[in-house]
Amino acid sequence: LEEASQIDMAVGEALQLALDLSRFAYALAASQQPAQAAKLLGSSEALRASIGATFLPWAVRLIARTRAAIRDQLDEIVFEDAWQQGLKLTPSEAVALALGSAMS
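Cut-offs and rules
Residues numbered from 1 in each chain as written. Predicted model: local features only at pLDDT ≥ 70, side-chain atom pairs only at ≥ 80, totals over all residues. Heavy atoms only, no water. Helix = DSSP H or I, 4+ residues; strand = E, 2+ residues; numbered from the N terminus. Buried < 20%, exposed > 50% of the residue type's maximum accessible area, 1.4 Å probe, protein only. Axes fitted to C-alpha atoms, helices over the stretch in contact; angles between N-to-C directions. Left-handed = near helix turned anticlockwise from the far one by under 90°. Contact = heavy atoms within 4.5 Å. Nonpolar A, V, L, I, M, F, W, Y, C, P; charged D, E, K, R; others polar. Expected span 1.5 Å × (residues − 1). Salt bridge = Lys/Arg side-chain N within 4 Å of Asp/Glu carboxyl O. Core = buried A, V, L, I, M, F, W, Y, C linked by side-chain atoms within 4.5 Å.

K.L.:
Explain the overall build of the protein to me, please; I cannot follow it from the model alone.
P.N.:
Secondary structure assignment for the protein yields six helices and zero strands. Taking all 104 residues of the protein together, 38% fall into the buried category.

Given below as structure tokens:
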């Protein structure tokens, strides 16, 4: 993920990185790490919005499933706090969070 993110940003593929972060969020939600998943999903959304892009329908469905899985595990206040933290992460910080979460 770290190398892929560097390549994505170097060649102007920020949307691909946003999608990768969403996929990682899905895996973390499935691994009972909902706060980290919410942060990554927030970061993915911030990155997507910053470039004015939209996800394809299959990715929108994946994100909706991920968000639902996270919300099943967190109360609204904790979710919103994690989401807001994620919105403020730089792409590099989000990748570091994803990699650190994957190691735990």
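K.L.:
What is the right way to look at unusual backbone geometry in this model?
P.N.:
Most peptide bonds take the trans configuration, and most residues that are not glycine carry a negative phi. Even without being a glycine, Gln32 presents a positive backbone phi close to 60°. Note that Gln32 resides in the loop between α2 (14-30) and α3 (34-50).

K.L.:
Is there a simple way to think about the packing of α2 against helix α4 (residues 57-73) in this case?
P.N.:
Helices that pack against each other are described as a pair by the angle of their axes relative to one another and the distance between those axes. At their nearest, the axes of α2 and α4 sit 9 Å apart, and the two run at 35° to each other. The handedness of the crossing between α2 and α4 comes out as left-handed. Contact with α2, carried on its side by Leu19, Ser22, Arg23, Ala25, Tyr26 and Ala29, involves Trp58, Ala59, Leu62, Ile63, Thr66, Ala69, Ile70 and Gln73 of α4 and no other residues of that element. Of the residues assigned to the contact of α2 with α4, the class counts are 10 nonpolar, three polar and one charged.

K.L.:
Just checking my understanding: could you explain α2 for this structure?
P.N.:
An α-helix turns once every 3.6 residues. As a result, residues three or four positions apart point the same way. With 17 residues, α2 extends 25 Å between its outermost C-alpha atoms, agreeing within 8% with the 24 Å of an ideal straight helix rising 1.5 Å per residue. Buried residues of α2: Ala14, Leu17, Ala18, Leu19, Asp20, Leu21, Ser22, Ala25, Leu28 and Ala29, and no others. With its phi angle positive at about 60°, Gln32 sits one or two positions after the end of α2.

K.L.:
Which parts of the structure should I look at to understand the pattern of salt bridges?
P.N.:
Where side chains of opposite charge bring their charged atoms close, a pairing between them can arise. With the rule as written, the count across this model stands at three salt bridges. For the salt bridge of Asp20 with Arg23, the shortest nitrogen-to-oxygen distance reads 3.8 Å. In this pair, Asp20 and Arg23 both sit in helix α2, three residues apart, roughly one turn of the helix. Judged by its relative accessible area of 15%, Asp20 is buried. Overall, the relative accessible area of 38% leaves Arg23 in the partly exposed class. As a salt-bridge pair, Arg71 and Glu76 come within 2.4 Å of each other at their nearest N and O atoms.

K.L.:
Explanation requested: the nonpolar core in the structure shown.
P.N.:
Residues Leu40 and Ile70 are the most contacted members of the largest nonpolar core, which totals 24 residues. The element contributing the most residues to this core is α2, with eight residues. The residues touching Ile70, leaving out its near neighbours within four places in the chain, are Ala29, Pro34, Ala37, Ala38, Leu41 and Phe79.

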